[in-house]
Amino acid sequence: MSKIALIHCGCHKTGSTVFQSLLKKNEKKLDYYIPKNFRLNFYPINHAPLAWEIIQDNRLNKNRDELENFKQEIENKKKILLSSEDFSLVLSNLKTKKNFEKILSEFKIIYLCFFRSDTSREISLLNEFRYHYKSLRKLKIIYDLFYLKFNGFVKHSIYKTLENCYYYT
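A brief look at the structure comes next.

Thresholds, definitions, all that
Residues numbered from 1 in each chain as written. Predicted model: local features only at pLDDT ≥ 70, side-chain atom pairs only at ≥ 80, totals over all residues. Heavy atoms only, no water. Helix = DSSP H or I, 4+ residues; strand = E, 2+ residues; numbered from the N terminus. Buried < 20%, exposed > 50% of the residue type's maximum accessible area, 1.4 Å probe, protein only. Contact = heavy atoms within 4.5 Å. Salt bridge = Lys/Arg side-chain N within 4 Å of Asp/Glu carboxyl O. Phe/Tyr/Trp six-rings, centres within 6.5 Å; stacked < 30°, edge-to-face > 60°. Lys NZ or Arg CZ within 6 Å of the ring centre and 35° of its normal. Core = buried A, V, L, I, M, F, W, Y, C linked by side-chain atoms within 4.5 Å. Pairing = 2+ DSSP bridges.

### Details of the overall build of the protein chain
Inference 1: A count of helical and extended segments in the protein chain gives seven helices and four strands.
Inference 2: Along the protein chain, helices (α) and strands (β) appear in the sequence β-α-α-α-β-α-α-β-α-α-β when read from the amino end.
Inference 3: When each of the 169 residues of the protein chain is scored for burial, the buried share is 40%.
Inference 4: The long-range fraction of contacts in the protein chain, counting pairs at least 24 apart against all pairs at least 6 apart in sequence, stands at 75%.

### Some thoughts on the pattern of salt bridges
Inference 1: Applying the stated criterion across every chain, the model contains seven salt bridges.
Inference 2: Of the charged contacts, one joins Glu 27 and Arg 39 as a salt bridge, the two residues approaching to 2.7 Å between their closest N and O atoms. Here Arg 39 lies in the loop between helix H1 (16–25) and helix H2 (48–55) and Glu 27 lies in the loop between H1 and H2, a separation of 12 residues in the sequence. Both residues of the pair, Glu 27 and Arg 39, count as buried.
Inference 3: Connected through shared salt-bridge partners, Lys 24, Glu 27, Lys 36 and Arg 39 make up one network.

### Remarks on the packing of aromatic side chains
Aromatic rings considered in pairs are described by the distance between their centres and by the relative angle of their planes.
Inference 1: Counting across every chain of the model gives two aromatic pairs.
Inference 2: Between Phe 38 and Phe 70, the aromatic rings sit 5.8 Å apart at their centres with planes inclined by 75°, giving edge-to-face as the arrangement. Pair noted here: Phe 38 is in the loop between H1 and H2 and Phe 70 is in helix H3 (residues 64–74), with a separation of 32 residues, a long-range link.
Inference 3: Under the relative-accessibility criterion, Phe 70 is labelled buried at 0%.
Inference 4: Between the NZ or CZ atom of Lys 77 and the centre of the ring of Tyr 33, over which it lies, the distance is 4.5 Å.

### Section: the nonpolar core
Nonpolar side chains in soluble globular proteins tend to end up buried together.
Inference 1: Counting residues in hydrophobic clusters, the biggest one holds 22 residues, and the most contacted among them are Ile 7, Leu 50, Phe 70, Leu 82, Phe 87, Phe 100 and Leu 104.
Inference 2: Sorting the residues of this core by element identifies strand E1 (4–8), H2, H3, strand E2 (79–83), helix H4 (87–91), helix H5 (94–103) and strand E3 (108–115) as the ones contributing at least two each.
Inference 3: Sequence-distant contacts of Phe 87, that is, excluding residues within four places in its chain, are made with Ile 7, His 8, Cys 9, His 47, Leu 50, Ala 51, Leu 82 and Phe 100.
Inference 4: Leu 23, Ile 45, Ile 110 and Phe 114 belong to the second largest nonpolar core, which has eight residues in total.

### Some words on H2
Inference 1: Within H2, six of the eight residues are buried, which leaves the element mostly enclosed by the surrounding structure.
Inference 2: Buried within H2 we find Ala 48, Pro 49, Leu 50, Ala 51, Trp 52 and Ile 54.
Inference 3: One or two residues past the end of H2 sits Gln 56, with phi positive at roughly 60°.

### Quick look at the pairing of E1
Inference 1: Most of E1 sits out of view: four of its five residues are buried.
Inference 2: Looking at chain direction, E1 and E2 are connected through five bridges and run parallel. Paired with Ile 7 across the strands is Leu 82, a residue of E2.
Inference 3: Relative to E3, E1 runs parallel, the two sharing five bridges. Counted as the bridge partner of Ile 4 is Lys 108 from E3.

This is the structure in C-alpha cells:
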C-alpha cells in the first residue's frame, strides 16, 4: 500500500488549534494533500464535519453527495492529511472506527494523537472558560472552583502541555 493517510485526531485541549493553524499557514509547502471537502469554513484546518458524518452527529448538514465528493477528491492522492479533535470520538467506538477506515481503505492510516496530563488540561479548560464566558460574568464562579484546586494559579502556556506525543498505525 503506497498511499498514506495521516490522521491528526486531537484529543481536545492538546494544542490542536495551534497545530491546525500551522497546517493552514504552511498548507502549500506540505508534502501531504489536505482535502477541502468536509472542512469547517471558519477554522484554520479542521475536518470535524467528516467525523460528524461518521458518528452521525446532528451538527452536520446532510449532503448526500459530500462523502462521494470527498472520496473523489482523495482518490488520486498519494498522501493526505486530515485533522480534527472529533476524530478521537470516531476512534472511541469500534464500529465508527471501522466505518472511517473503510472510507480510507486504499490508504495506510497513521494516527497522530496528542495527550496531556489531567492537571494541565484542567488549567487549560479554565482559560477556555475565561475566554468564552468573561462577557457573561460567570468567570468568578468558575475561578472560585478552580481556586480551591490550584490555589489561585491560573497562568498557563499551551507549549508546556504537549507532554506526551504518540502515534500509532
